[in-house]
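Close look at the chain arrangement
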Amino acid sequence: MSASERELLDVPAPSGGRALLDVRDLRVTYGGRGGGRRGGRVAVDGVSLSVAPEETLGLVGESGSGKTTVARCVAGLLRPGAGTVTFEGRPLGRAGRRPPELQRAVQMVFQDPRSSLNPRMTVASIIAEVWRTHPVTAPEGDRTGALHRLLADMGLDPEVAARRAGDLSGGQCQRVSIARALAVRPRLLVCDEAVSALDVSVQAQILRLLVDLRGRHRLAMLFISHDLGVVHQIADRVAVMHRGVIVEEGRTGEVLTAPRHPYTRALLDAALDLDDPVPGDGTADGRAVV
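The text that follows walks through the structure, step by step, so that each part is easy to find. No experiment lies behind these values; they were computed from the predicted model shown.

Brief notes about the sheet that holds strand 6 (residues 106–109)
The pairing of strands in a sheet happens through backbone hydrogen bonds and is either parallel or antiparallel. In space, the six strands of this open sheet follow the order 6-7-8-3-9-10, with mixed pairing throughout. In the strand order of this sheet, the two ends are held by strand 6 and strand 10 (245–251), each with one partner. Between one strand axis and the next, the sheet turns by 15° as a mean value, whatever way the strands run. Strand contacts of helix 7 (residues 200–217): strand 3 (56–60), strand 7 (188–192) and strand 8 (220–225), with the helix running at about 160° to strand 8, the strand carrying the most contacts.

Listed below in structure tokens is the structure:
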């Protein structure tokens with residue numbers, strides 16, 4: 001990402017030093033038999049990647065390339081057949097078996113904002129449930145005020161707290177999903193096609209929101225997408241996956257202006273105009289009802 005782009009989006013430079021997330025030789029096979037899944041379909045074949053503190057790594061590939069499988073392994077929703085996933089050098093196991101501090105440290109935002117929330121629960125109940133599960137992150141004193149401030153950070157009005165998730169628009173649901181993730185103060189946000197199910201104008205608003213939240217909360221992100229045009233707007237580095245392996249990796253600007261692999265060039269041919277910046281949402285304070 002160039003200096004002019006970073007200034008436009010207010011994206012902080014990634015931190016140096018030790019990797020926050022480190023994935024080594026990850027392998028996942030579906031179907032087949034035994035622990036090694038003999039005879040199954042290899043979805044991820046020896047993938048290695050890392051994310052530095054406060055850095056955004058874009059993981060790009062077409063449907064079926066294995067990128068969502070990598071995301072689910074990082075989030076602890078899927079156990080790999082081989083390889084390691086560590087956070088600041090500590091092994092990340094399955095989500096239910098992680099120490100509480102590691103459960104909080106890595107949070108995921110899913111592709112379909114509607115199916116990721118219980119449609120019968122109010123937004124207030126959704127956030128309250130997270131704070132009950134992780135009481136160390138629950139605010140002291142007036143939780144209603146804290147909830148309203150959290151929603152305001154997402155560009156949502158306080159009245160949304162009393163509404164059921166099933167009554168919200170797709171964009172509002174995704175903002176609530178992000179609020180739920182940030183309520184436990186994570187350090188790494190895994191975004192799995194977090195804007196692909198939204199209208200183009202809403203996509204731009206959510207991208208702008210993620211960029212803003214990354215800076216204010218000093219977040220690292222693993223941003224999964226099939227669209228290099230979208231990744232160009234948010235990622236410091238990009239890794240391109242094809243058929244379960246990473247075929248190219250580097251600084252976003254370098255990969256997008258001088259791709260080395262034919263598959264990367266094919267993705268670029270299908271992308272939107274890479275010179276288009278992420279537009280604002282047309283309001284003075286960034287608030288949007290979408």
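Description of the packing of helix 4 (residues 123–133) against helix 5 (residues 143–153)
Axis separation between helix 4 and helix 5 bottoms out at 11 Å; the angle between their running directions is 110°. Relative to helix 5, the element helix 4 lies roughly perpendicular. Counted together, V123, A124, I127 and W131 of helix 4 and R143, A146, L147, L150 and L151 of helix 5 form the full contact between these two elements. In terms of residue class, the contact of helix 4 with helix 5 is made up of eight nonpolar, no polar and one charged.

Regarding the side chain of H242
Mapped onto the fold, H242 is located in strand 9 (residues 237–242). Overall, the relative accessible area of 18% leaves H242 in the buried class. The residues contacting H242, other than those within four sequence positions of it, are E62, S65, V247 and Y263.

Details of the nonpolar core
The biggest cluster of nonpolar side chains holds 55 residues, and the ones touching the most others in it are W131, M154, I178, L189, L210, F223 and I234. Here this core gets seven residues from one element, more than from any other, and that element is helix 7. Non-local contacts of W131, meaning those with residues more than four positions away in its chain, are made with T137, A138, P139, R143, A146, L147, L150 and A183. Ranked by size, the runner-up nonpolar core spans 32 residues in total, among them L21, L57, L102 and I224.

Considering the sheet that holds strand 4 (residues 82–87)
The strand order across the open sheet built from four strands is 2-1-4-5, with neighbouring strands paired in antiparallel fashion. The open sheet has two edge strands, strand 2 (41–51) and strand 5 (90–91), and neither has a second partner. Strand direction decides the pairing type here: strand 1 (residues 21–30) and strand 2, joined by eight bridges, are antiparallel. Along strand 2, the bridge assignment pairs Y30 with R41. Those strands touched by helix 2 (residues 67–75) are strand 1, strand 2 and strand 4, and its axis lies near 120° from that of strand 1.

Focus on the layout of surface pockets
The volume enclosed by the largest pocket comes to roughly 430 Å³. Along the wall of the largest pocket there are 17 residues; nearest its centre are Q103, V106, Q107, M108 and H134. For the lining of the largest pocket, a count of residues per class yields nine nonpolar, five polar and three charged.

Here we look at the pattern of salt bridges
Under the criterion given, the structure shown has 13 salt bridges. Taking the shortest distance from any N to any O, the salt bridge between D22 and R24 comes out at 3.0 Å. With a relative accessible area of 35%, R24 lands in the partly exposed category. As a salt-bridge pair, E55 and R237 come within 2.6 Å of each other at their nearest N and O atoms. Taken together, the residues E55 in the loop between strand 2 and strand 3 and R237 in strand 9 connect sequence positions 182 residues apart. Classification of E55 by relative accessible area gives buried; the value is 3%. Classification of R237 by relative accessible area gives buried; the value is 15%. A network of salt bridges, in which partner residues are shared, links E55, R237 and E249.

Focus: helix 4
Of the residues making up helix 4, those classed as buried are V123, I126, I127, V130 and W131. Looking down the long axis of helix 4, one finds its buried residues gathered within 135° of arc, a one-sided arrangement. Away from its buried face, by an angle of more than 90 degrees, helix 4 presents the exposed residues R132 and T133. Where helix 4 is buried, its residues touch helix 5 and helix 6 (170–182).

About the criteria used
Residues numbered from 1 in each chain as written. Predicted model: local features only at pLDDT ≥ 70, side-chain atom pairs only at ≥ 80, totals over all residues. Heavy atoms only, no water. Pairing = 2+ DSSP bridges. Helix = DSSP H or I, 4+ residues; strand = E, 2+ residues; numbered from the N terminus. Axes fitted to C-alpha atoms, helices over the stretch in contact; angles between N-to-C directions. Contact = heavy atoms within 4.5 Å. Parallel < 35°, antiparallel > 145°, perpendicular 65-115°, else oblique. Nonpolar A, V, L, I, M, F, W, Y, C, P; charged D, E, K, R; others polar. Buried < 20%, exposed > 50% of the residue type's maximum accessible area, 1.4 Å probe, protein only. Core = buried A, V, L, I, M, F, W, Y, C linked by side-chain atoms within 4.5 Å. 1 Å grid on protein atoms, 1.4 Å probe; cavity = no way out; pocket = protein on both sides within 12 Å on 5 of 7 lines; lining within 4 Å. Points joined across faces, edges and corners; volume = space filled by probe spheres on them. Salt bridge = Lys/Arg side-chain N within 4 Å of Asp/Glu carboxyl O. Arc of directions from axis to C-beta.

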